[in-house]
Amino acid sequence: MTYPVATGDCSAAAGTDPLYERSAVIDLDAIRHNVRRLADAASPAKVMAVVKADAYGHGAVPVARAALEAGAAWLGVAHISEALQLRAAGIEAPLLAWLHTTESNFAAAVAAGVDIGCSGWELDRIVAAARDQERPARIHLKVDTGLGRNGVTLEHWDQLLGEAMEYQDEGLLRVVGIFSHLSVADEPERPETDEQLAVFREVLAAAEDAGVDPEVRHLANTPATLSRPDTHFDLVRVGLGIYGLSPFEGQTSAELGLRPAMTLRTVVSQCKDVPDRQGVSYGLRYRTQGPSTLALIPMGYADGVPRVATGGPVRIAGRTYPVVGRIAMDQMVIDLGNVGAASAGLLGAEAVLFGSGDDGGPTADDWAVAAGTNNYEIVTRISPRVPRRFINDHPAVGLSSGTPSDRSPANGQETP
Ligand SMILES: *Cc1c(COP(=O)(O)O)cnc(C)c1O
């Protein structure tokens, strides 16, 4: 959760600035824009901003704050430990954690007012924690409607419901929510979403018959929020979309009205001329075809750039080049062609791996293709060795809290 963050003016394009040298720039205005866009799509349902995994690599605390400023009503994480970090940062919004083990600290969750997802086995432990803390637990019962991960099976739903209601009557807990998770919402043509929705409706009907009246019923993730209003219920849980990325193959962020919030960039660390047939990087899997100029990019798999993603794009001075040869732990190489190092003049030039895509530049989607994975993984895996630089930390005037904001292009306010 904590990254090395430099103080002072980080907009300088030269000098000894670690944030200019290598950084993942997180545009908090883009986060706010995306939350508003998703809130529009979800309305009248409310938005839970999913900030698990350090906000998919974007920085959980600053992203959570920006999401709340833009109208998110809830926050969601996987682990109680992630929820406690948000509470420790002073974030008091409703907050749900849904993935637990026998080692999870339910007492700390109850003490911190963190809502706890319950798939069944946790119920007695949650109740013990509530007794211990002398405070009722807030739980969301999770049903497996077809994904086959956590959640109680249909077979045991009535039993779990009955037990939870007994504990609620004893004042040990409150059933705040009932929820489930979709399997194929990113593939809108598949029938399984309808099947899961039908099962979820049955489950809710059974709960109603049992006299359970939860505050929030929730099922939708980002793709369902954007494509299936019938899955919205009271609350949508959106992750990928608030980071400005598209969950749909063949539909870009821009087509969905979203703005990618992370730009991964660095500077060229060496530029040199090499002869024909020069081998490049471990294994010598690439050789120049003719005399050529190589540019060294100081990022590698220790920074979270996938080692398998040879061919991934790097944008320098308005042109996009593929990575050649193997991606190493700390560095990778691009071949500028037969330009001559001196005339290339690119030592210290900015090199962008991915960003908004606005200027025709590369995106996280391009790296996902190069790595044979999805855009979720590309942003989430950017490692703590890459400093996060938060820009547009304060909401623009008139949009949200009314705090005056420095909107200059080089605005580089850091959030420690
Ligand atoms: C991660 C997660 C989400 C968010 O999914 P996106 O596709 O990123 O919107 C929602 N609900 C649960 C249970 C999750 O684990």
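Rules behind the numbers
Residues numbered from 1 in each chain as written. Predicted model: local features only at pLDDT ≥ 70, side-chain atom pairs only at ≥ 80, totals over all residues. Heavy atoms only, no water. Domains from an automatic or database assignment. Pairing = 2+ DSSP bridges. Helix = DSSP H or I, 4+ residues; strand = E, 2+ residues; numbered from the N terminus. Phe/Tyr/Trp six-rings, centres within 6.5 Å; stacked < 30°, edge-to-face > 60°. Buried < 20%, exposed > 50% of the residue type's maximum accessible area, 1.4 Å probe, protein only. Axes fitted to C-alpha atoms, helices over the stretch in contact; angles between N-to-C directions. Parallel < 35°, antiparallel > 145°, perpendicular 65-115°, else oblique. Left-handed = near helix turned anticlockwise from the far one by under 90°. Contact = heavy atoms within 4.5 Å. Nonpolar A, V, L, I, M, F, W, Y, C, P; charged D, E, K, R; others polar. Near = heavy atom within 4 Å. Polar contact = N/O pair within 3.5 Å; in protein donor to acceptor, adjacent residues only side chain to side chain. Areas by Shrake-Rupley, 256 points an atom, 1.4 Å probe, with all protein chains shown as cover. Core = buried A, V, L, I, M, F, W, Y, C linked by side-chain atoms within 4.5 Å.

**A closer look at the domain arrangement of the protein chain**
Phase 1: Each domain of the protein chain was delimited in the assignment, giving domain 1 (73-241) and domain 2 (262-391).
Phase 2: Just the C-alpha atoms count here: the centres of domain 1 and domain 2 sit 41 Å apart.

**Things to note about the pairing of strand β16 (residues 319-324)**
Phase 1: Where strand β15 (residues 313-316) and β16 come together, 4 bridges link them in antiparallel fashion. Along β16, the bridge assignment pairs isoleucine 316 with arginine 319.
Phase 2: What sits between the antiparallel neighbours β15 and β16 is a turn of 2 residues, in which alanine 317 has the positive phi angle 50°.
Phase 3: Across 2 bridges, the pairing between β16 and strand β17 (residues 332-337) is antiparallel. Bridge pairing links valine 324 to valine 333 in β17.

**A short note on the packing of aromatic side chains**
Phase 1: For the coordinates displayed, the defined rule picks out 4 aromatic pairs.
Phase 2: Each ring, one from phenylalanine 106 and one from tryptophan 121, has its centre 6.4 Å from the other, and the planes form 65°; the classification is edge-to-face. Of this pair, phenylalanine 106 sits in helix α6 (residues 106-111) while tryptophan 121 sits in the loop between β5 (115-118) and α7 (123-133), and the two are 15 residues apart along the sequence.
Phase 3: Between the aromatic rings of phenylalanine 200 and phenylalanine 233, the centroid separation amounts to 5.1 Å while the plane-to-plane angle is 80°, which identifies the pairing as edge-to-face. Placement of the pair is phenylalanine 200 in helix α9 (residues 192-209) and phenylalanine 233 in the loop between α10 (222-227) and β9 (235-238), with a sequence separation of 33 residues.
Phase 4: The class of phenylalanine 200 is buried, set by a relative accessible area of 0%.
Phase 5: By the ring-pair criterion, three or more aromatic residues cluster together here, those being Tyr56, Tyr243 and Tyr376.

**Quick word on the packing of helix α2 (residues 28-42) against helix α4 (residues 60-69)**
Axes are the key here: two packed helices are described by the angle between their axes and the distance separating the axes.
Phase 1: At a closest axis distance of 8 Å, the pairing of α2 and α4 adopts a crossing angle of 45°. When the axes of α2 and α4 are compared, the pair comes out oblique. The hand of the α2/α4 crossing is right-handed. Here α2 contributes Leu28, Ile31, Arg32 and Val35 to the contact with α4, which in turn contributes Pro62, Val63, Ala66, Ala67 and Glu69.
Phase 2: Residue composition of the contact of α2 with α4, grouped by class: 7 nonpolar, no polar and 2 charged.

**Quick notes on the sheet that holds β17**
Phase 1: With mixed pairing, 9 strands are arranged side by side in an open sheet as β11-β14-β17-β16-β15-β18-β10-β1-β19. For this open sheet the edge positions go to β11 (270-274) and β19 (388-391), each flanked by a neighbour on one side alone. With strand direction ignored, the average angle separating the axes of adjacent strands in the sheet is 35°.

**Considerations on the site of the ligand**
Phase 1: Not every one of the 14 residues close to the ligand is listed here, only the nearest: Lys52, Tyr56, Thr222, Leu240 and Tyr376.
Phase 2: With respect to the ligand, the backbone of leucine 240 contributes an N or O atom lying 2.8 Å from an oxygen atom.
Phase 3: Across the complex, the protein chains shield 95% of the 380 Å² of accessible surface that the ligand would expose by itself.
Phase 4: Every element with two or more residues in the shell around the ligand is listed here: α3 (52-56), α10 and β9.
Phase 5: Partitioned by chemical class, the residues of the shell around the ligand number 7 nonpolar, 4 polar and 3 charged.

**Comments concerning the side chain of threonine 225**
Phase 1: The topology assignment puts threonine 225 in helix α10.
Phase 2: Exposure remark for threonine 225: the relative accessible area of 2% places this residue in the buried category.
Phase 3: Within the structure, the side chain of threonine 225 is placed 2.7 Å from the backbone oxygen of asparagine 221, a separation counted as a polar contact.
Phase 4: Not counting the four nearest positions on each side in its chain, threonine 225 is found in contact with Leu38, Ala41, Ala42, Ala220, His232, Val236 and Val238.

**Let's talk about the nonpolar core**
Note that soluble globular proteins tend to have their nonpolar side chains buried in a common cluster.
Phase 1: Judged by nonpolar contacts, the single largest core of 122 residues is most densely connected at Leu86, Trp157, Val314, Ile316, Leu353, Phe354 and Trp367.
Phase 2: Both domain 1 (73-241) and domain 2 (262-391) contribute no fewer than three residues apiece to this core.
Phase 3: Within the second largest apolar cluster, 6 residues are counted, among which are Val274, Leu296, Val324 and Val333.

**What about unusual backbone geometry?**
Phase 1: With omega at 10°, the peptide bond leading from serine 43 into proline 44 counts as cis.
Phase 2: Tracing the backbone shows proline 44 in the loop between α2 and β2 (46-50).
Phase 3: We note that alanine 55 has phi near 55°; this positive angle belongs to a residue other than glycine.
Phase 4: Mapped onto the secondary structure, alanine 55 falls in helix α3.
Phase 5: Looking at alanine 55, the relative accessible area reads 0%, which means it is buried.

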